[in-house]
Amino acid sequence: MRISLLLSTCSAIAIFTLSNPALAEDERAEKAALHEQTPANIIVTAPFQRDRSDILSGASVLQGSDLTQAIRPSIGETLQHTPGVSATSFGPSASRPVLRGLQGERVRVLVDGIGSIDVSNTSVDHAPVVNPLLAERIEVLRGPQSLLFGASAIGGVVNVIDKRIPLRLPSESVHVDVLARSDTATDLREFGGSLDARLGNSGFVFHTDGSWRETDDLEVAGFTVAPELRADLLADAAEEEEEGHLEEAEELREAADQRGFVPNTGTETWTANAGFAFFAGESSLGVSFGVYDSEYGIPGRPGGGHHHDEEEHEDHDEDHEDEDHDDEDHDEDHHDEEEGHEHGDVPVSIGLRQYRADLRGDIFLGEGFFERLRFRAGYSDYTHTEFEGDEVGTVFDVQGIEARAELVQNSSGPWRGSIGTQYYYRDFEAVGAEAFVAPNRTDQIAFFALQEYATGPFQVEGSVRYENTNVESDTLGIERDFDTFSGALGFAYDVSPAVRTGINLSRVARAPAAEELFSNGPHIATQAFEIGDPDLEEEKAWGAEIFARGSFAGASFSIAAYRNWFDDFIYLAQNGEEEDELPVYVFLQQDATYTGIEGELAFDLIDTGSFTLGTELLGEYIHAELDDDTFVPRIPPLHLAGALTASTGAFDLRGEVEWYDEQNDIAPFETATDGYTFVNASIAWRPVRGDNSITLLLKADNIFDVTGRRHTSFTKDYVPLAGRNISASLRASF
């Protein structure tokens with residue numbers, strides 16, 4: 001009912017406004033500049049477009065050549081070189097972004113301002129239904145404005161902006177974009193393209209796009225498993241051999257000696273989208289429909305199914321002591337053996353498909369108090385199947401809708417702002433022997449406001465958000481209802497026209513997610529037994545950040561230091577127990593503190609006009625502790641990076657070194673991670689003089705074939721990062 005009223009109101013206003021005959025073709029021409037591609041220094045994930053220097057908290061943008069340079073199959077890997085961002089790296093295709101050490105529910109991944117509406121928040125092996133290949137730009141936003149998109153966005157917001165609903169009137173009748181990529185580490189074959197067609201002078205624009213990607217198993221440097229796990233596997237092999245289990249011993253040795261590639265990590269993905277939009281003066285209205293289909297393997301933990309405890313051996317002995325029950329006991333033991341081995345021996349894969357429909361409107365209201373109404377809605381029908389070999393294991397079904405409407409105020413001197421509402425509904429069901437989350441529904445309504453006041457060198461920005469969240473599981477007979485209030489306040493002072501300093505303060509609260517409340521069972525894909533807590537309370541956090549950024553003497557810089565104090569922090573931790581021969585992970589809650597610093601510096605060493613030689617430096621560090629003086633699990637280590645860039649005419653060259661420190665600040669039952677250094681290089685060539693419409697890019701990542709493991713990953717001990725990888729891509733626009 002809530003969503004029907006919201007959409008009906010928005011649609012009625014849109015139809016009335018767009019049908020106004022005063023919005024004639026000559027007015028559209030005058031407003032054409034509004035539909036040009038947004039410059040990279042402008043942030044659009046906000047009620048009003050603003051320069052990055054005017055954003056009170058950190059913001060990053062990937063667009064154009066920077067996006068081409070960074071693009072990977074998953075959104076997490078695409079953003080891995082962005083300041084303050086790491087990735088979960090469950091495998092080549094399932095990687096979510098980690099912002100300032102926070103992941104999962106605390107980072108919102110959006111598609112043009114609306115959530116991906118999938119099950120990627122349910123588990124790290126579930127890939128977000130987001131395709132970076134077809135993105136026009138990707139923005140990472142933190143601070144007061146992130147509250148406009150959800151109180152759960154404590155870490156921040158990642159907004160992937162594509163053109164499935166056309167963003168602007170193209171200057172030509174037909175515009176085509178094409179991107180093709182290949183690499184050696186996964187034998188990648190990838191192709192994507194889009195077409196925008198302007199339908200005469202009617203104001204209508206039609207859009208269609210599609211992509212296809214296929215990869216083989218991930219190639220890595222050296223042994224696949226980490227040294228500590230390898231030693232355990234070899235010790236288990238020796239034990240099995242002593243007990244006469246020669247076949248099991250050989251399997252364990254093969255797993256320990258696996259090198260050069262990660263088995264069962266191949267992927268195949270295709271997407272298709274179509275949409276249209278109508279532009280009338282400063283207003284627009286558009287819809288789209290899309291399909292996302294992906295199949296990918298889930299790397300299994302080596303030795304995960306090889307456990308022979310005392311009970312199994314006692315049963316084995318009893319079989320030989322009692323001839324009369326030999327057949328029956330043999331069958332039972334054979335069944336037990338299959339149960340014990342299935343998690344480690346049967347390859348697991350995921351097949352998912354999402355059908356998605358979207359609506360976007362931007363309606364100019366005139367010169368009154370409100371300048372425009374912006375609204376956005378998305379509907380998703382998502383099915384995700386986990387296969388155990390060729391058999392269906394667990395099927396996840398999600399039907400959901402998310403919608404938001406926002407009234408943007410006309411600027412009144414130094415004052416501007418917006419108010420809005422947002423609605424989210426998700427119906428989740430998992431069916432199968434290992435459906436570890438009970439069927440549930442999440443129903444959420446929110447109201448938010450952002451206000452900004454600027455005078456002279458001072459700027460103040462504040463935001464507030466109220467959310468009512470209802471999470472219900474009929475199967476368990478449990479219903480939880482949460483009312484949460486969040487707010488943020490930022491102050492900035494311009495030391496000079498080019499340098500800004502400031503402070504951000506926030507108090508954020510979020511309701512526990514259904515997965516944190518209702519999980520209880522084995523999850524074959526992650527090879528973990530996950531247990532939620534239906535009595536979890538809302539998670540609250542106080543935050544403070546100081547920052548400085550700007551430019552001087554040909555150099556640009558940005559530095560920020562922050563601290564978050566969490567009350568009732570919700571986290572997933574291993575407790576040392578086993579259930580169904582799987583390690584038990586439990587959702588727990590206690591206070592926690594996150595402290596971090598991040599910064600970047602870029603300056604030109606030589607600039608002659610026709611030739612530029614520059615350098616870029618980046619560093620970030622996070623320290624996170626729980627109230628019991630133990631460390632929060634899976635926190636990124638100290639990271640430093642430096643690059644030299646050169647640009648001359650048709651060529652751009654880049655060489656960089658990335659250093660990741662070892663991570664020894666580990667939670668109980670978590671393993672330490674060795675540090676590593678990657679050396680990368682790239683060259684981009686624009687063959688058409690004076691025209692950037694065609695770019696050829698050749699890259700060499702991890703040139704010295706070093707083994708690297710990302711501490712934020714659940715699978716780091718048996719899924720290292722890619723070894724030496726040579727990739728090539730072609731981007732064309734015409």
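Residues numbered from 1 in each chain as written. Predicted model: local features only at pLDDT ≥ 70, side-chain atom pairs only at ≥ 80, totals over all residues. Heavy atoms only, no water.

Trainee: Summarise the overall build of the protein chain; cite the residues concerned and give the values.
Mentor: Tallying secondary structure elements over the protein chain gives nine helices and 35 strands in all. A total of 734 residues make up the protein chain; the buried ones form 54% of that total. A separation of at least 24 residues holds for 67% of the contacts in the protein chain among residues at least 6 apart in sequence. (Helix = DSSP H or I, 4+ residues; strand = E, 2+ residues; numbered from the N terminus. Buried < 20%, exposed > 50% of the residue type's maximum accessible area, 1.4 Å probe, protein only. Contact = heavy atoms within 4.5 Å.)

Trainee: So what's going on with the pairing of strand E20 (residues 415-432)? Which residues, and what values?
Mentor: Here strand E19 (residues 391-409) pairs with E20 via 15 bridges, running antiparallel. Residue pairing across strands places Ile 401 opposite Tyr 425, the latter belonging to E20. As consecutive antiparallel partners, E19 and E20 are separated by five residues, and within that stretch Gly 413 has a phi angle of approximately 65°, a positive value. The pairing of E20 with strand E21 (residues 440-455) spans 14 bridges and is antiparallel. Across the sheet, Arg 416 pairs through a bridge with Glu 452, a residue of E21. (Pairing = 2+ DSSP bridges.)

Trainee: A description of the packing of aromatic side chains should follow, citing residues and the corresponding values.
Mentor: This model, assessed by the stated rule, comprises 18 aromatic pairs. Geometrically, the ring pair formed by Phe 289 and Tyr 355 is stacked, given 6.4 Å between the ring centres and 15° between the ring planes. Of this pair, Phe 289 sits in strand E16 (residues 283-298) while Tyr 355 sits in strand E17 (residues 348-364); the two residues are 66 residues apart in sequence, bridging distant segments of the chain. On the basis of an interplanar angle of 65° and a centroid distance of 5.9 Å, the ring pair of Phe 552 and Phe 557 is categorised as edge-to-face. Given a relative accessible area of 49%, Phe 552 falls into the partly exposed group. Look at Phe 557 and you get partly exposed, because its relative accessible area is 21%. Through successive ring pairs, a cluster of aromatic residues spans Phe 566, Phe 569, Tyr 571 and Tyr 594. A cation sits over an aromatic face here: Arg 100 above Tyr 562, 4.2 Å from the ring centre. The positively charged end of Arg 230 is found above the aromatic ring belonging to Phe 223, 3.9 Å away from the centroid. (Phe/Tyr/Trp six-rings, centres within 6.5 Å; stacked < 30°, edge-to-face > 60°. Lys NZ or Arg CZ within 6 Å of the ring centre and 35° of its normal.)

Trainee: Help me get a handle on helix H5 (residues 227-242), residues and values and all.
Mentor: For H5, spanning 16 residues, the distance from its first C-alpha to its last is 23 Å, which sits close to the expected 22 Å at 1.5 Å a residue. Those residues of H5 not exposed but buried are Leu 229, Leu 233, Ala 237 and Glu 240. The buried residues of H5 occupy an angular sector of 85° when projected down its axis, which confines them to one face. Residues of H5 that are exposed and angled more than 90 degrees away from the buried face: Pro 227 and Glu 242. Contacts from the buried residues of H5 go to helix H6 (246-257). Directly beyond the C-terminal end of H5, a positive phi value near 90° is found at Gly 244. (Expected span 1.5 Å × (residues − 1). Arc of directions from axis to C-beta.)

Trainee: Explain the environment of Val 130 to me, and be specific about the residues and the numbers.
Mentor: Tracing the chain through its elements places Val 130 in the loop between strand E7 (114-115) and strand E8 (135-141). With 20 residues separating them along the chain, Val 130 and Leu 110 place their C-alpha atoms 8.4 Å apart. If sequence neighbours within four positions are ignored, Val 130 has contacts with Ile 75, Val 109, Val 111, Ser 116, Val 160 and Tyr 292.

Trainee: I'd like a rundown of the pattern of salt bridges, residues and numbers included.
Mentor: Taken as a whole and assessed by the stated rule, the structure comprises 43 salt bridges. Of the charged contacts, one joins Arg 181 and Glu 190 as a salt bridge, the two residues approaching to 2.5 Å between their closest N and O atoms. Taken individually, Arg 181 and Glu 190 each receive the classification buried, so the pair is uniform in this respect. For the salt bridge of Asp 358 with Arg 356, the shortest nitrogen-to-oxygen distance reads 2.8 Å. The two residues Asp 358 and Arg 356 agree in class, both being buried. One network of salt bridges, in which partners are shared, links Asp 112, Asp 162, Arg 164, Arg 356, Asp 358, Arg 360 and Arg 376. (Salt bridge = Lys/Arg side-chain N within 4 Å of Asp/Glu carboxyl O.)

Trainee: Describe the packing of H5 against H6, naming the residues involved and giving the relevant values.
Mentor: Interaxial distance between H5 and H6 falls to 8 Å at its minimum, and their mutual angle equals 165°. One finds that H5 runs roughly antiparallel with respect to H6. The two elements H5 and H6 meet at a crossing, and its hand is left-handed. From H5, Arg 230, Leu 233, Leu 234, Asp 236, Ala 237, Ala 238, Glu 240 and Glu 241 reach across to H6, where they touch Leu 246, Glu 248, Ala 249, Leu 252, Arg 253, Ala 255, Ala 256 and Asp 257. Broken down by class, the residue content of the contact of H5 with H6 amounts to nine nonpolar, no polar and seven charged. (Axes fitted to C-alpha atoms, helices over the stretch in contact; angles between N-to-C directions. Parallel < 35°, antiparallel > 145°, perpendicular 65-115°, else oblique. Left-handed = near helix turned anticlockwise from the far one by under 90°. Nonpolar A, V, L, I, M, F, W, Y, C, P; charged D, E, K, R; others polar.)

Trainee: Report on the side chain of Ser 682, specifying residues and quantitative values.
Mentor: By the element assignment, Ser 682 lies in strand E33 (residues 676-685). Discounting residues that sit within four places of it in the chain, Ser 682 has contacts with Gln 69, Asp 652, Leu 653, Arg 654, Leu 697, Leu 698 and Lys 699.

Trainee: So what's going on with unusual backbone geometry? Which residues, and what values?
Mentor: Not every positive phi belongs to a glycine, and Asp 568 is a case in point at roughly 60°. Within the element layout of this structure, Asp 568 appears in strand E28 (residues 555-579). Within the chain, Arg 634 stands out as a residue other than glycine whose phi angle is a positive 60°. Considering the arrangement of structural elements, one finds Arg 634 in the loop between strand E30 (611-626) and strand E31 (639-648).

Trainee: Lay out a nonpolar patch on the surface in plain terms, naming residues and giving numbers.
Mentor: A surface patch of nonpolar side chains, about 650 Å² in accessible area, is lined by Trp 415, Tyr 453, Val 460, Leu 489, Phe 491, Ile 503, Leu 505 and Ile 546. On the basis of relative accessibility, which here comes to 34%, the residue Tyr 453 falls in the partly exposed class. (Patch = residues over 30% accessible without salt bridge, like charges linked within 9 Å, V, L, I, M, F, W, Y side chains within 5 Å. Areas by Shrake-Rupley, 256 points an atom, 1.4 Å probe, with all protein chains shown as cover.)

Trainee: Quick one: what's the story with the sheet that holds strand E6 (residues 107-111), residue by residue and with numbers?
Mentor: The strands that make up a sheet pair up through hydrogen bonds in the backbone, lying either parallel or antiparallel. Pairing within the open sheet is mixed, and its five strands lie in the order E3-E8-E9-E6-E7. The outermost strands of the open sheet, each flanked by one partner alone, are strand E3 (59-63) and E7. Relative to E8, E3 is paired through five bridges, and the arrangement is antiparallel. Bridging from a neighbouring strand, Val 61 pairs with Glu 139 of E8.

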